[in-house]
Amino acid sequence: MRKIPQQLIPLAVLFIVLLGVLVVARQLFVPKTFGDLGHYRATAVDEVAAQPAAYAGYRVCLDCHDDIYQRKQLSSHAGLACETCHGAAAAHATGESDQLPTVPRGRDHCQLCHGYNSARPTGFPQILSNMHNPGEACVKCHDSHSPRMAKGNGECSACHQMIANQKAVSSHMSLDCTDCHTVPIDHATQPRVVQALKPNSEETCGKCHARGSSAGAEVARIDMAEHGGRYLCWECHYPHLPEAKL
Ligand code: HEC
Ligand code: HEC
Ligand code: HEC
Ligand code: HEC
Ligand code: HEC
Ligand code: HEC
Ligand code: HEC
Ligand code: HEC
């Protein structure tokens, strides 16, 4: 028989000691009902069931806030449960406590979902916080239970909604469509007969962004002759969302 390699002996001792510790630990620390219902502690079911429910579910809110629910279901926030924004409200809903649910009026809250994040799906409505009406509460303009804003007939956004929405969240949000487009009044009623024009000269941009322009000091100035080389401004900047990098 070959000699057992010397280092195996301490290893075997260590193995036996660890095995012993495991057996003892199992006796001492594994709860009694472990394994009765599979890989769980059977008493955990009763313990969890005995905890007071913190969330009530949206159906309970209907009893008293039906009007808000109806409005929300017709809006793009239809998929959000009340308690997603107002927090756990079971105590309030049962009337057992005069503690009211939280009302998240801060900008931070809306931005959990709407702050710009390149990982979000394309088309999900997002804003750049430092540009979208900075400093003002979202709920000043948006109804959180029906966040889309009403639009008048004949406004450009009634037909060009995508463009209007993009502009509204860009650094060009304060501009009117007609700052850049020449639009005959009848375009709004007969758009295919009476055409609106797209800018055909870089001067459209230059009247605000050229070095000597009379626009406010907060508007970034560029050298019209140098900047962008031989390309047109809108070959690099989408005019309705002009920031070159987000
Ligand atoms: C039994 C009726 C009842 C139910 C059910 C109920 N509420 Fe209310 N809720 C009220 C009343 C009444 C008030 C107004 C209390 C006040 O102004 O003092 C109120 C106020 C609120 C407020 C405003 C708090 C504030 O600070 O102004 C929120 C938010 C609210 N409820 C959310 C919910 C949610 C979410 C649910 C469902 C989980 C719910 N409620 C279920 C009766 C109810
Ligand atoms: C997207 C987040 C959000 C969701 C979802 C939401 N709320 Fe609100 N809720 C708010 C905010 C923000 C306010 C404060 C509005 C303000 O101050 O103008 C508010 C205000 C309220 C108020 C105070 C009264 C009022 O109308 O201003 C009640 C009551 C209320 N919510 C109940 C509900 C119920 C019931 C649901 C579900 C059907 C719900 N909310 C869903 C964000 C939300
Ligand atoms: C838990 C996530 C969540 C929160 C918090 C939230 N929203 Fe929304 N919001 C959504 C979803 C989802 C949509 C629908 C997106 C879609 O249609 O693809 C939406 C849509 C919108 C729209 C687009 C409306 C339209 O019809 O084009 C606006 C504006 C908006 N929310 C504003 C707000 C404001 C203001 C707040 C804070 C009071 C807020 N949201 C809080 C998830 C959220
Ligand atoms: C001064 C008014 C005002 C304030 C304050 C404001 N918004 Fe808006 N917001 C608008 C207008 C106007 C639009 C464009 C009209 C529309 O499509 O509803 C818009 C559009 C949006 C859109 C839709 C963009 C799209 O792609 O459809 C979202 C999302 C949005 N706002 C979220 C917010 C959030 C979040 C806040 C707070 C951090 C906020 N808004 C504050 C006026 C405001
Ligand atoms: C009643 C719906 C409607 C309204 C309101 C409207 N438009 Fe239009 N617009 C259209 C349609 C439809 C076209 C496409 C016309 C075509 O292809 O012949 C168009 C085309 C345009 C074009 C030209 C696009 C191109 O590719 O040449 C511009 C620019 C434009 N609109 C800007 C505006 C502006 C700015 C306003 C607000 C002052 C406005 N429109 C209001 C429906 C509308
Ligand atoms: C900063 C100047 C500027 C503003 C403000 C502006 N546009 Fe434009 N728009 C342009 C330019 C430049 C083009 C041509 C883009 C191109 O050819 O690639 C254009 C193109 C368009 C087109 C053609 C389709 C497209 O997406 O290229 C439509 C429609 C349009 N604009 C509508 C609008 C409406 C509606 C508004 C207001 C909500 C608006 N524009 C605000 C500069 C502007
Ligand atoms: C009526 C004045 C006006 C016109 C016309 C105008 N802009 Fe602007 N532009 C602004 C304002 C105001 C801002 C926001 C302040 C800033 O960031 O400089 C802005 C911001 C920008 C920015 C973002 C700057 C940054 O901070 O990253 C770019 C890029 C831009 N504009 C390009 C254009 C292009 C391209 C055109 C022509 C299609 C144009 N602008 C026409 C007023 C104008
Ligand atoms: C070849 C692509 C290209 C063309 C063409 C172009 N730009 Fe830009 N522009 C950029 C890039 C990239 C940036 C960002 C540069 C940076 O932040 O350093 C920028 C930045 C800007 C800024 C912001 C400058 C600042 O200091 O924040 C303005 C305003 C602007 N461009 C306006 C215009 C106007 C107006 C035209 C047409 C005369 C134009 N651009 C043509 C690529 C272009």
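Heads up: the structure comes first, above all this text.
Residues numbered from 1 in each chain as written. Chains lettered and ligands numbered in written order. Predicted model: local features only at pLDDT ≥ 70, side-chain atom pairs only at ≥ 80, totals over all residues. Heavy atoms only, no water.

Moving on, we get to the overall build of the protein chain. The number of helices and strands found in the protein chain is 11 helices and 2 strands. Traced from its N-terminal end to its C-terminal end, the protein chain shows the element sequence α-β-β-α-α-α-α-α-α-α-α-α-α. Each of the three principal axes of the protein chain carries a C-alpha extent, and together these read 95 × 65 × 35 Å. For the protein chain, the proportion of its 246 residues judged to be buried stands at 13%. Expressed as a percentage of contacts within the protein chain between residues at least 6 apart in sequence, the contacts between residues at least 24 apart total 48%. Of the accessible surface of the protein chain, which amounts to about 19,200 Å², a share of 61% is contributed by carbon and sulfur atoms. If the 22 positive side-chain charges of the protein chain are averaged to one point and the 23 negative ones to another, these points end up 11 Å apart. (Helix = DSSP H or I, 4+ residues; strand = E, 2+ residues; numbered from the N terminus. Buried < 20%, exposed > 50% of the residue type's maximum accessible area, 1.4 Å probe, protein only. Contact = heavy atoms within 4.5 Å. Areas by Shrake-Rupley, 256 points an atom, 1.4 Å probe, with all protein chains shown as cover. Lys, Arg positive; Asp, Glu negative; His and termini not counted. Charge placed at Lys NZ, Arg CZ, Asp CG, Glu CD.)

Another aspect to go through is the coordination of the iron atom of ligand 7. Donor atoms from the polypeptide that bind the iron atom of ligand 7 are His172 (NE2) and His209 (NE2), placed at 2.0 Å. Around the iron atom of ligand 7 sit 6 donor atoms; with metal-centred angles ranging over 87 to 179°, the donor geometry is octahedral. Of this pair, His172 sits in the loop between helix H9 (161–168) and helix H10 (203–209) while His209 sits in helix H10; the two residues are 37 residues apart in sequence, bridging distant segments of the chain. (Donors = N, O, S within 2.8 Å, 3.2 Å for Na, K, Ca; no water. Tetrahedral: all angles 85-135°; square planar, octahedral: opposite > 155°, others 65-115°.)

So, on to unusual backbone geometry. Even without being glycine, Asn133 reaches a positive phi, approximately 45°. Residue placement: Asn133 occurs in the loop between helix H6 (107–114) and helix H7 (138–141). With a relative accessible area of 32%, Asn133 lands in the partly exposed category.

Moving on: the environment of Ile127. For Ile127, the location among the structural elements is in the loop between H6 and H7. Taking relative accessible area as the criterion, Ile127 reaches 15% and is therefore assigned buried. It is 37 Å that separates the C-alpha atoms of Ile127 and Ser97, two residues lying 30 residues apart in sequence.

Our focus in this paragraph is the pairing of strand S2 (residues 38–41). Two strands pair when backbone bridges link them, and strand S1 (residues 34–35) and S2 are joined in this way by 2 bridges, in the antiparallel orientation. When the bridges of S2 are listed, Gly35 appears paired with Gly38. Between S1 and the antiparallel strand that follows it, S2, lie 2 residues. (Pairing = 2+ DSSP bridges.)

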